[in-house]
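# An overview of the molecular structure
Below are the chains, spelled out letter by letter.
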Amino acid sequence: MLAGLLLLLVCQLLGEWIVLAAGLPVPGPVMGMVLLLAGLIAHGKVPATIRTPAEGLLRHLALLFVPAGVGLMVHAELIAAEWLVILTSLVVSTVVTVLVTALVLKRLTRNLDLGARGDKS
Amino acid sequence: MSSFWVYFAAKPLWWIIVTIATFLFTSWLNRRVGGTPLLHPVLVALSLIIVLLQLTGTDYNTYFEGAQFIHFLLGPATVALAVPLYDHFERVKKMLLPLLIACSCGAVTAALSVIAVAWLLGASEATLLSLAPKSVTSPIAIGIAEKIGGYPSLAAGLVLITGAIGCLVAPPLFRWLKIEDDAVKGFTLGLSAHGFGTAFAFEFSTLAGAFAGLAMGLTGLLTAFIVPVLVRLLGL
């Protein structure tokens, strides 16, 4: 558990370094995720020491967005001035994006043999 | 009473406790009302905390001194997305090409449609440019907004609002489109609503969560390249 947590942090650190050194537009943790995935593929399975902290963190992922979300209060005036434009464009655009993505993916994967649909593994 | 308050408010520990306790309460509340995304635990929790901060005259920086310890965990949690992704790697490999195509279509649609609608409604240029990267996870969105001349801090906030909207509109749209595959649901949520959508997708299944995490990473990468080019093409 502790070793796994350390490994998650080390992957993040390595990710931050790579992003900084190569000047990539991706955040360090995303690069860290790629590194860990590559490591897991090379290892062939997920050791229990990594699975426990990883699943613990992901189970409470939603909580982790609260501090950044409270930051919206800083932009109260900006948002108040153009809130209708902002909200309308965000809603319309999000609906269109969901429609396009879901339809394209559904169409392209229609003929793939993927086994059980929506399995709750 | 006021000296009592000052003592507690100055401790970072206090705002960690407030954040976790509020979130536990709003999660419980959300379960009680049948899990409607209208009362999404994150949205209700952050509204309650903003009200509390304003009632007590606390500024965001003071709050964040405590809350940063929770915020910090977003990093290792993002790295941890590799675990469900590995668990479902066979599915990912089979779907790789469709996923890449869907991701490109979705990322272009997200950026182009929000610019188009906001421009038609007469948004100011800075708002327009802050809206463009709204479908990407916050740290990437901040970088893009800086690059094209929007407000980076506003962009980060708009990303969160987009995330909430995505969680609200996606489930009825999935029902309407008859989408039953959790991989498709998750990927769509991660693309259109980034981290918020990913957290939401984990409530469907770990398969949906894994694909949402994948979509979030891919979209971030693609949008970072696409948006600056789009903005130049549109002459903004």
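Here the residue numbering is sequential within each chain, running from 1 through the sequence in written order. Numbering of ligands from 1 and lettering of chains from A proceed in the order in which they are written. With pLDDT at 70 or above as the cut-off, local features in this predicted model cover only qualifying residues; side-chain atom pairs require 80 or more to be listed or tallied, and sums for whole chains, interfaces and linings still use all residues. Hydrogens are left out, water is left out, and the side-chain values use all remaining heavy atoms of the structure.

### Focus: the overall build of chain A
Rules: The numbering of helices and of strands both runs from the N terminus, where a helix is a DSSP run of H or I of at least 4 residues and a strand a run of E of at least 2. Summary of the burial criterion: residues with accessible area below 20% of their type's maximum are buried, those above 50% are exposed, and those between are partly exposed, where the area comes from a 1.4 Å probe applied to protein chains only. Residue contacts are defined here by distance: any two heavy atoms, one from each residue, within 4.5 Å place the two residues in contact. All accessible-area figures derive from a Shrake-Rupley calculation using a 1.4 Å probe, and residue coverage is judged against the displayed protein chains alone.
A count of helical and extended segments in chain A gives 5 helices and 0 strands. Along chain A, helices (α) and strands (β) appear in the sequence α-α-α-α-α when read from the amino end. With 121 residues in all, chain A has 44% of them scored as buried. The long-range fraction of contacts in chain A, counting pairs at least 24 apart against all pairs at least 6 apart in sequence, stands at 42%. Surface summary for chain A: the accessible area is close to 6200 Å², and the carbon and sulfur share equals 72%.

### Some remarks on unusual backbone geometry
Apart from glycine, the bulk of residues carry a negative phi angle, and the bulk of peptide bonds sit in the trans form. One non-glycine residue, Lys178 of chain B, adopts positive backbone phi at about 55 degrees. You can see Lys178 of chain B is positioned in the loop between helix H11 (152-177) and helix H12 (182-201).

### Regarding the packing of aromatic side chains
The following threshold applies: Each Phe, Tyr or Trp ring, with Trp reduced to its six-membered ring, pairs with another whose centre is within 6.5 Å; inter-plane angles below 30 degrees give stacked pairs, above 60 give edge-to-face pairs, and intermediate values give tilted ones.
Per the counting criterion, the structure on display carries 7 aromatic pairs over all chains. In this structure an aromatic cluster arises from ring pairing among Trp14, Trp15, Tyr60, Tyr63 and Phe64 of chain B.

### A closer look at the pattern of salt bridges
Oppositely charged side chains are able to pair whenever their charged atoms sit close together. Our working definition: The term salt bridge refers to a side-chain nitrogen of Lys or Arg lying within 4 Å of a carboxyl oxygen of Asp or Glu.
Going through the model one piece at a time under the given rule, you end up with 4 salt bridges over all chains. A salt bridge links Glu55 of chain A to Arg51 of chain A, with the nearest nitrogen and oxygen atoms 2.9 Å apart. With a gap of 4 residues between them, Glu55 of chain A and Arg51 of chain A both fall in helix H3 (residues 48-59), about one helical turn apart. Arg51 of chain A sits in the partly exposed class, given a relative accessible area of 25%. For the salt bridge of Asp182 of chain B with Lys185 of chain B, the shortest nitrogen-to-oxygen distance reads 4.0 Å. Residue Asp182 of chain B and its partner Lys185 of chain B are located together in helix H12, separated by 3 residues, close to a single helical turn. Overlapping salt bridges bring together Arg51 and Glu55 of chain A together with Asp87 of chain B as one network.

### Focus: a nonpolar patch on the surface
Here is the rule we go by: Patch building starts from residues that exceed 30% relative accessible area and form no salt bridge, then joins like charges within 9 Å and nonpolar side chains (Val, Leu, Ile, Met, Phe, Trp, Tyr) within 5 Å.
On the surface, Leu6, Val10, Leu13, Leu14 and Trp17 of chain A cluster together to form a nonpolar patch covering roughly 490 Å² of accessible area. Within the secondary structure layout, Val10 of chain A lies in helix H1 (residues 2-22).

### A short note on the interface of chain B and chain A
Short version of the rule: As used here, buried area is the combined drop in accessible area, with a 1.4 Å probe, of two parts when they are placed together. The definition of a polar contact used here is a pair of N or O atoms within 3.5 Å, where within protein one atom must be able to donate a hydrogen and the other to accept one, and adjacent residues in sequence count solely through side-chain atom pairs.
Facing the 98 residues of chain B at the interface are 74 residues of chain A. Between chain B and chain A, a total of about 7600 Å² is buried, with carbon and sulfur atoms accounting for 82% of that surface. Viewed at the interface, chain A and chain B are joined by 1 salt bridge. We note a salt bridge from Asp87 of chain B to Arg51 of chain A, for which the minimum N-O separation is 2.9 Å. Counting every contact that joins chain B to chain A gives 9 residue pairs in polar contact (both at pLDDT 80 or more). In terms of residue count, H11 of chain B provides more of the side of chain B that touches chain A than any other element does, 15 residues in total.

### Some remarks on helix H8 (residues 96-120) of chain B
Formally: What a helix is expected to span follows from its residue count: subtract one and scale by 1.5 Å.
Between the first and last C-alpha of H8 of chain B there are 36 Å, a value that for 25 residues agrees with the 36 Å anticipated at 1.5 Å per step. At the C-terminal side of H8 of chain B, Gly122 of chain B shows a positive phi close to 80 degrees.

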